[in-house]
Amino acid sequence: MKVAVVGAGAIGAYVGAALHRAGADVHLLARGPHLAAMRQHGVKVHSPRGDWTAHVHATDRAEDIGPVDHVFLGLKANSYAACGPLVEPLLQEHTSVIAAQNGIPWWYFHRHGGPYDGQRVESVDPGGSVSAVLAQERAIGCVVYAATELEGPGVVRHIEGTRFSIGEPDRSVSKRCLEFSEAMQAGGLKCPVEPDLRNDIWIKLLGNISFNPISALTRATMREMCLHDSTRGVIELMMAETLAVASALDCRPEISIERRIAGAERVGDHRTSTLQDLEKGKPLELDVLLSAVVELAAISGVEVPTLRTVAAISDLLAQGTAVAA
């Protein structure tokens, strides 16, 4: 099985290293000092489960890799529309694109069924710009429950979690999903094939839609947000509104708000990916986390006043970050 990891940052390099350990033919697409370090020393993984190093082929040219069976997309969702030159040389007829994306994916209503089947979510696929680059037919959804950080060039700190749930938009258990799942498991990761991944999307989104923007606005860690009573109250309201939107779209995530917050608190003093991006002066990935749900609320007729308020303030922060970048 040949796999290209496009965007081999903390999550991408971690997955690529695990697949390489399982015997897959893995190629990492990266750039800068991170690429140089991986070329020279391999991917160094520091983990509570044990430290290890994987000497994986790494390059900044997709043409050097050629067509693959699976593309694991580790880019931020706000980079998808511009990733054509990175992905196009990797594609053949049956290549799948496994998008390790937080929030609402561009394929959300693809083969969804019901009244919204085929509808485009403008916040995540403006004008169809993402679908034009990443055909929805290639998409395999992926919900990441692992927490990782880049400790330095070529060095991944695995904090906790090894689960990467995957699934087809049409809810089938496909051969391509099973193939990728088996390889991930052989590399020491959990990779269940979910009959309806949209439920997992909303479970993960419960945390991302609240903790990520609030962490960027306050610079607080997961534990700090959970232990601050007033902020915790805002998070509870945001989660409740998010569950109402999910329900209006016929999704029933099997998790309570209390359990979701307790899980976040156990992560401890971890900085969300949005806060990390803010600290590095990178664009903030809030459209797919927050704006998309506000858009889905409007489509489905659900009132989300707290989400709208936080989205407005976060959008101003994101605009300032984009200008600075």
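Residues numbered from 1 in each chain as written. Predicted model: local features only at pLDDT ≥ 70, side-chain atom pairs only at ≥ 80, totals over all residues. Heavy atoms only, no water.

If you tally the helices and strands in the protein, you get twelve helices and eleven strands. Rg of the C-alpha trace for the protein: 19 Å, near the compact-globule value of 20 Å for 325 residues, within the 12% margin. Once the C-alpha set of the protein is aligned to its principal axes, its extents read approximately 50 × 40 × 35 Å. Across the 325 residues of the protein, 55% fall into the buried class. Taking all contacts inside the protein whose residues are at least 6 apart in sequence as the whole, residues at least 24 apart take part in 73%. In the structure as shown, the protein presents an accessible area of about 13500 Å², 51% of it carried by carbon and sulfur atoms. In the protein, which carries 30 positive and 38 negative side-chain charges, the distance between the mean positions of the two groups comes to 4 Å. (Helix = DSSP H or I, 4+ residues; strand = E, 2+ residues; numbered from the N terminus. Rg over C-alpha atoms; globule rule 2.2 N^0.38 Å. Buried < 20%, exposed > 50% of the residue type's maximum accessible area, 1.4 Å probe, protein only. Contact = heavy atoms within 4.5 Å. Areas by Shrake-Rupley, 256 points an atom, 1.4 Å probe, with all protein chains shown as cover. Lys, Arg positive; Asp, Glu negative; His and termini not counted. Charge placed at Lys NZ, Arg CZ, Asp CG, Glu CD.)

For the rest of this paragraph, the subject is helix H8 (residues 229-248). Taking 1.5 Å as the rise per residue, H8 with 20 residues should run 28 Å; its terminal C-alpha atoms sit 29 Å apart, in good agreement. All buried positions along H8 are accounted for by Thr231, Ile235, Met238, Met239, Glu241, Thr242, Val245 and Ala246. The arc that holds the buried residues of H8, viewed along the axis, is 165°, so those residues lie on one side. Among the exposed residues of H8, those oriented more than 90 degrees off its buried face are Asp229 and Ser230. Positive backbone phi, at 65°, marks Asp250, one or two positions downstream of H8. (Expected span 1.5 Å × (residues − 1). Arc of directions from axis to C-beta.)

A word on the sheet that holds strand E9 (residues 147-152). Ordered by their spatial adjacency, four strands build an open sheet running E4-E3-E10-E9, and the pairing between neighbours is mixed. Looking at which strands have only one partner, the edges of the open sheet turn out to be strand E4 (52-54) and E9. Taken over all neighbouring pairs, the strand axes of this sheet differ in orientation by 25° on average, direction set aside. With three bridges connecting them, strand E3 (residues 43-46) and strand E10 (residues 155-160) associate as parallel partners. Of the residues in E10, the one forming a bridge with Lys44 is Val155. (Pairing = 2+ DSSP bridges. Axes fitted to C-alpha atoms, helices over the stretch in contact; angles between N-to-C directions.)

Right, let's talk about unusual backbone geometry for a bit. Phi at Arg171 is positive, roughly 75°, even though this residue is not glycine. One can find Arg171 in the loop between strand E11 (164-167) and helix H5 (175-186).

Quick look at the environment of Leu275 now. Mapped onto the secondary structure, Leu275 falls in helix H10 (residues 273-279). The spatial distance from the C-alpha of Leu275 to the C-alpha of Pro253 is 26 Å, given a sequence separation of 22 residues. Once residues within four sequence positions are removed from consideration, Leu275 is found in contact with Ser215, Ala216, Arg219 and Ala220.

Take the pattern of salt bridges next. This model, assessed by the stated rule, comprises 16 salt bridges. The closest approach of N and O atoms between Glu151 and Arg157, which form a salt bridge, is 2.8 Å. Taking the relative accessible area as the measure of exposure, Glu151 reaches 45% and is therefore partly exposed. The network of salt bridges with shared partners includes Lys76, Asp277 and Glu285. (Salt bridge = Lys/Arg side-chain N within 4 Å of Asp/Glu carboxyl O.)

As a further point, take the state of the cysteines. Summed over all chains, the structure comprises zero disulfides. No disulfide involves Cys177; its sulfur sits 8.1 Å from the nearest other cysteine sulfur, which is in Cys191. (Disulfide = S-S within 2.5 Å.)

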